[in-house]
Amino acid sequence: MFILELTYTAPLERIEAAHPEHVAWLDSNYESGVFIASGPKDPRDGAVIVAVGVDRAQIEDITKSDPYSVAGLAEYTVTNFRAMRTSPALEEYRHQPPAPR
């Protein structure tokens, strides 16, 4: 599981202008099953995305394809973590340690 933190590097009016393309990019990643949650930070200086099911290299490639990244409007911090506990709704994403031998 990955936490993707976007930090805006441009004024909000430029972020808003690119927002439709960013939403289409989000939609495609939700459809592929990679993104499971996202939304703006408060205060609105960026956003957070929760992603699953791929390795770090693939996640970094995905972040580079965000229209915000392509246009130089945001930078990403990628944090990989093991979800040891989850709500029942997210149980399929819970980290499964290797079985004892």
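Our structure's up above, just so we're on the same page.
Throughout this description, residue numbers start from 1 for each chain and increase along the sequence as written. Given that the model is predicted, a residue must reach a pLDDT of at least 70 before its local features are reported, and side-chain atom pairs must reach 80 or more before they are shown or counted; all residues, however, enter totals for whole chains, interfaces and linings. Based on all heavy atoms of the structure, the side-chain values leave hydrogens and waters out of the count.

A few words now on the packing of aromatic side chains. Each aromatic ring pair is specified by the distance between its two centres and by the angle formed by the two planes. Only Phe, Tyr and Trp rings are paired, with Trp represented by its six-membered ring, and only when their centres lie within 6.5 Å; those with planes under 30 degrees apart are stacked, over 60 edge-to-face, the remainder tilted. Evaluated as defined, the whole model comprises three aromatic pairs. Where W25 meets F35, the ring centres are 5.3 Å apart and the plane angle is 70°; that geometry is what we call edge-to-face. One end of the pair, W25, is in helix α1 (residues 12-31); the other, F35, is in strand β2 (residues 35-40), with ten residues separating them in the sequence. Overall, W25 belongs to the buried group, its relative accessible area being 8%. On the numbers, 6.0 Å between centres and 90° between planes, the contact of Y30 with F35 is edge-to-face. Runs of E in the DSSP output that reach at least two residues are strands. Runs of H or I that reach at least four are helices, and both are numbered from the N terminus. We call a residue buried when its accessible area falls under 20% of the maximum for its residue type, exposed when it is over 50%, and partly exposed in between, using a 1.4 Å probe and counting protein chains only.

Let's shift gears to the sheet that holds strand β4 (residues 74-80). Pairing is antiparallel across the open sheet formed by four strands, whose spatial order is β2-β3-β1-β4. For this open sheet the edge positions go to β2 and β4, each flanked by a neighbour on one side alone. If you compare each strand with its neighbour and ignore which way they point, the axes differ by 15° on average. For this analysis, residues touch if any pair of their heavy atoms sits within 4.5 Å. Only the stretch in contact is used when fitting a helix axis, every axis being a line fitted to C-alpha atoms; angles between N-to-C directions are given from 0 to 180 degrees. Along the sheet, α1 makes contact with β1 (2-8), β2, β3 (46-51) and β4, crossing β2 at roughly 165°. DSSP-based pairing: two strands are paired if at least 2 bridges between them are found.

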